[in-house]
Amino acid sequence: MNVVNVLKTRLLDFFDNRFTRRSQFKGDTNLLDENHHLDSNKASKLVTNNLIRHAYLSKSESLKVLKSDIDGLTSKEVQDKLDEFGFNSIDKQEDLSWYKHLWLSYKNPFNLLLTVLATVSYLTDDLAGTVVISGMIFISTVLRFVQERRSNNAADKLKEMVSTTVTVVRQEEDDDEDDEHIEHLERQISSLNPLKIDNRIEVQIKYLVPGDIITLSAGDMIPADVRILTAKDLFVSQAALTGESLPVEKFSDQKEDNVIDVLELQNIGYMGSNIVSGTALAIVLTTGKKTFFGALADKVIAQDTTETSFQKGVNKVSWLLIYFMLIMSPIVFLINGLSTHAWRDAALFALSVAVGLTPEMLPMIVTSTLAKGAVFMSHRKVIVKRLDAIQNFGAMNILCTDKTGTLTQDKICLEKHTDVFGKDYDDVLEYAYLNSYYQTGLKNLLDVAVLERNNFGDIPLLIKKHTKVDEVPFDFDRRRMSVVVAEQSGGNVLICKGAVEEMLSCCTSAEHQGKILPLTNELLEQLRKVTAELNADGLRVVAVAKKNYPTPKDNYSVGDEKEMTLVGYVAFLDPPKETTRPAIEALNRLGIDVKILTGDNDLVTAKVCREVGLNVESMMRGSDIDKLSDEELGKIAKDVTVFAKLTPAHKERIVMVLRDNGNVVGFMGDGINDAPALRAADIGISVDTAVDISKEAADIILLEKSLMVLEQGVEEGRKTFANMLKYIKITASSNFGNVFSVLIASAFIPFLPMLPVQLLLQNLIYDISQTVIPFDNVDSEFIEKPQRWDPDDLRRFMMFFGPISSIFDVLTFYVMWNWFGANSAAHASLFQSGWFVEGLLTQALIVHMIRTKRIPFIQSTAAWPMLIMTLCAVTVGIALPMSPLAHLVGMQALPASYFGFLVFAIVGYMVLTQSLKGFYARRFGWQ
């Protein structure tokens, strides 16, 4: 099915669902049915017809309908419209009230299962079991609610640090509007230069309102549905809506009549699309959920979300434990029922086993660990936009990055300006200055460097003598841009600057000492040697050419960039950062290969990369990549460190073939040309100074464009992942071990080996002690290499270490039965108390044994919150049978000699586990 038709179908489906916010369509009460729900057919027409209507209105009519002015809205008008239409934002989910959030914190499969078990306990008059299970539900729910609340608040604050802005035209006071003013609007709009308007300010996108006048240029996201008022070589990527990778050209007027498909309107820009090249002035038509993209967002975004490998792994473990519970609980029930004939007690015990096997704290632990990791990473100048990206951040083993600003200082200075043979030449600097001064697209660092060189000649006179006529904006296919200026002496001159090879391809002559030389093959060879020598010195070379038009014309296009005369070159220096070499070495120590993907010249790239210690022997160019299949490129790319002269498509393709080879690939970029690669990577990394489209495509934003900052973020990401994995391993192996212990006890003990309330209480104390795992220390070996989710390793780990605790459980059964005489129903409480204490202490200790492959408490010590919680759990476990409260839970005081055995059992458990840890690490490795 055509993508556009799919989107239209989804739009209709979207409106079939009931809106929960009537305020989204405030004022459109005629669209609501008697139940105050949106009528789907009317709402569908509201979105599409509004855009089509404005496409065919004149510019002045659109302004009038939206109660706007070409000079922009006043602050009062903006506030009034914000009150009416709300913020210009589309959230994946609405802000939840506290009680709804509390309900969602409760409503997970584990809590629902516990609720069923609590209900059964209540119906069977097991009041103590009901209270304990309810307490577990309460603690799990409240902890998750509090942690998620904190997480959301922290995430909101972090997002504010990297908020996207838009350039909007605003006026200070109301201008009087009369009929004459309206009549002249069309002429006023046509003569406006979007980027030369005085009353422009930057505002956060969410404060945009219908009627706002905005300016757009290359790299900008279109922040709302807009009507184009003026456009110059405006090309827009609508891939977010149509899936079509090629940009479409937009105009200030709708050229085709009777357009039915709303996405084919030529003078409408849609929220979610982005400017590839050109400039525009536009008026905002609709914002937020009343935009075309906004109407699709809830449906499309929800359907587009895919689980990461970590999410899938967590779900697998959760369901594995649930399957254990569903299988083992009936078996335990039957064995105990047949051996004791106390079927009610057997049922309660089976229910308690089910509770013990339920990882009810898992959602809270994962959420709080991710949230804590995101906050800690923000302290390292790394902002996490999507919490689940932390796992990929820690698993990343290849980092692809641009050269400029990452390896280099991002402070480009104009080092030389020469004629075509490399001699100093002021005229070329004048032409370059006029080009940079008058271009209205995305000014890069090269333009800034040219404009900062203001100590030559009479610049005011130079500008006065040349009036701008037109421009042809930059794009990444041509790799050049032109401005056309009118000279006082008459006639126009087109001044073009760009990449050397691309410029030479459209020049037919060269200027030298006032003479025009034909561009022969011999001369071309000479010119290439000149630029190669400049490149070899680490200079980035931009060629400058001109073309005279004795007979002026009003409009110029790409087709005019031919048969030009090469004037000379401007050469720039961007030296490497002092921190680059140690940062690359640090990333390599972390198991991350750094690859450079740049559109820059290969000679300049090679010199910079050598200076920072990168291998450039096997450098590849974009032209080399075009000759290879994906399979061939994949084999070669793994060994190549530097890729130069790349287009955006090249960068995206390299990232994808590296991923296909089984790597976890990060891409770091901040330009328009980086957006496709950012989306293709496992982890997209950008900076807060990046263009809008790059920030939107990224998963992680750096507050400083530095590999050193990235290294610190990777370390924190790996710590976060390690603690999550630690809890999952501990929970899985502990619960798996409990399965064996319960089965053995049920088969050979003629009474319940532990009362339901005791088993529940033991589980509750253990769960509470685990809530501090997110704050635990992490051993250095976990940080030194990428950490990837391996379900097979987890399953092997669980089955290997789980039964170890069962060995000491069985030993406890034997000692309690034979040494302490707890071998009949009359002495059941002694037996149960003994197993309760031993089981709780071994569970608490397994945390410290399995959290590290080192010797616990000696070579690796847990964080103080972990130590305190473990001590509390041990203290409560030992004290409870000895306290006055013991009889309330069916326990009794243990003899002093028991504690001698307890010490032996715990020491033996630690020694055996440590020994087997060494074997396991040598045999399977330790993640």
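Residues numbered from 1 in each chain as written. Predicted model: local features only at pLDDT ≥ 70, side-chain atom pairs only at ≥ 80, totals over all residues. Heavy atoms only, no water.

## Observations concerning a negative patch on the surface
A contiguous patch of negative charge on the surface is contributed by D424, D426, D427 and E430. Note on placement: D427 falls in helix 15 (residues 426-438). Under the relative-accessibility criterion, D427 is labelled partly exposed at 34%. (Patch = residues over 30% accessible without salt bridge, like charges linked within 9 Å, V, L, I, M, F, W, Y side chains within 5 Å. Areas by Shrake-Rupley, 256 points an atom, 1.4 Å probe, with all protein chains shown as cover. Salt bridge = Lys/Arg side-chain N within 4 Å of Asp/Glu carboxyl O. Lys, Arg positive; Asp, Glu negative; His and termini not counted. Charge placed at Lys NZ, Arg CZ, Asp CG, Glu CD. Helix = DSSP H or I, 4+ residues; strand = E, 2+ residues; numbered from the N terminus. Buried < 20%, exposed > 50% of the residue type's maximum accessible area, 1.4 Å probe, protein only.)

## As for the nonpolar core
By size, the foremost hydrophobic cluster in this structure holds 136 residues, and its most contacted members are F393 and I685. The element contributing the most residues to this core is helix 27 (residues 707-748), with 16 residues. Not counting the four nearest positions on each side in its chain, I685 is found in contact with F393, M396, L399, F667, M668, G669, L678, A698, I700, L702 and L710. (Core = buried A, V, L, I, M, F, W, Y, C linked by side-chain atoms within 4.5 Å. Contact = heavy atoms within 4.5 Å.)

## Some thoughts on the side chain of S237
When you line up the elements, S237 lands in strand 4 (residues 225-237). When its relative accessible area of 13% is taken as the criterion, S237 is described as buried. Sequence-distant contacts of S237, defined by excluding residues within four places in its chain, comprise P247, S273, N274 and V276.

## Section: the packing of helix 28 (residues 756-769) against helix 31 (residues 828-850)
At their nearest, the axes of helix 28 and helix 31 sit 10 Å apart, and the two run at 20° to each other. With respect to helix 31, the element helix 28 is oriented roughly parallel. Handedness of the crossing formed by helix 28 with helix 31: right-handed. Contacts from Q758, L761, Q762, I765 and Y766 of helix 28 reach helix 31 at Q832, W835, F836, G839, L840, Q843, A844 and V847. Looking at side-chain class alone, the contact of helix 28 with helix 31 contains eight nonpolar, five polar and no charged residues. (Axes fitted to C-alpha atoms, helices over the stretch in contact; angles between N-to-C directions. Parallel < 35°, antiparallel > 145°, perpendicular 65-115°, else oblique. Left-handed = near helix turned anticlockwise from the far one by under 90°. Nonpolar A, V, L, I, M, F, W, Y, C, P; charged D, E, K, R; others polar.)

## Focus on helix 13 (residues 362-379)
In this model helix 13 runs 26 Å from its N-terminal to its C-terminal C-alpha over 18 residues, within 8% of the 26 Å that 1.5 Å per residue would give. Counting buried positions along helix 13 gives 15 out of 18 residues, so the element sits mostly inside the fold. Backbone geometry just downstream of helix 13 places K381 in the positive-phi region, at approximately 70°. (Expected span 1.5 Å × (residues − 1).)

## Observations regarding the packing of aromatic side chains
In the structure shown here, the tally under the stated rule is 25 aromatic pairs. Aromatic side chains F797 and W926 sit 5.5 Å apart centroid to centroid with 70° between the ring planes, which places their arrangement in the edge-to-face category. Taken together, the residues F797 in helix 30 (residues 791-818) and W926 in the segment after helix 33 (896-924) connect sequence positions 129 residues apart. On the accessibility criterion, F797 (1% relative accessible area) is buried. A connected cluster of aromatic rings, assembled from ring pairs, spans F797, F800, F801, F919, Y920, F924 and W926. In this structure, K729 is placed above the aromatic ring of F797, and the distance from its NZ or CZ to the ring centre is 4.6 Å. (Phe/Tyr/Trp six-rings, centres within 6.5 Å; stacked < 30°, edge-to-face > 60°. Lys NZ or Arg CZ within 6 Å of the ring centre and 35° of its normal.)

## Describing unusual backbone geometry
The backbone of R479 sits at a positive phi, close to 55°, despite the residue not being glycine. Relative to the helices and strands, R479 is located in the loop between strand 11 (466-475) and strand 12 (480-487). Residue R479 is classed as buried on the basis of its relative accessible area, which comes to 18%. One non-glycine residue with positive phi stands out, namely E563, at about 50°. Turning to its location among the elements, E563 is positioned in the loop between strand 16 (539-549) and strand 17 (564-573).

## Comments concerning the pairing of strand 12
For strand 12, the buried fraction is high: six of the eight residues fall into the buried class. Where strand 11 and strand 12 come together, seven bridges link them in antiparallel fashion. Each residue of the ladder has a partner; that of E471, found in strand 12, is V483. Taking the residues that link successive antiparallel strands as the turn, the strand 11-strand 12 hairpin has four residues, and the phi of R479 there is positive, at about 55°. (Pairing = 2+ DSSP bridges.)

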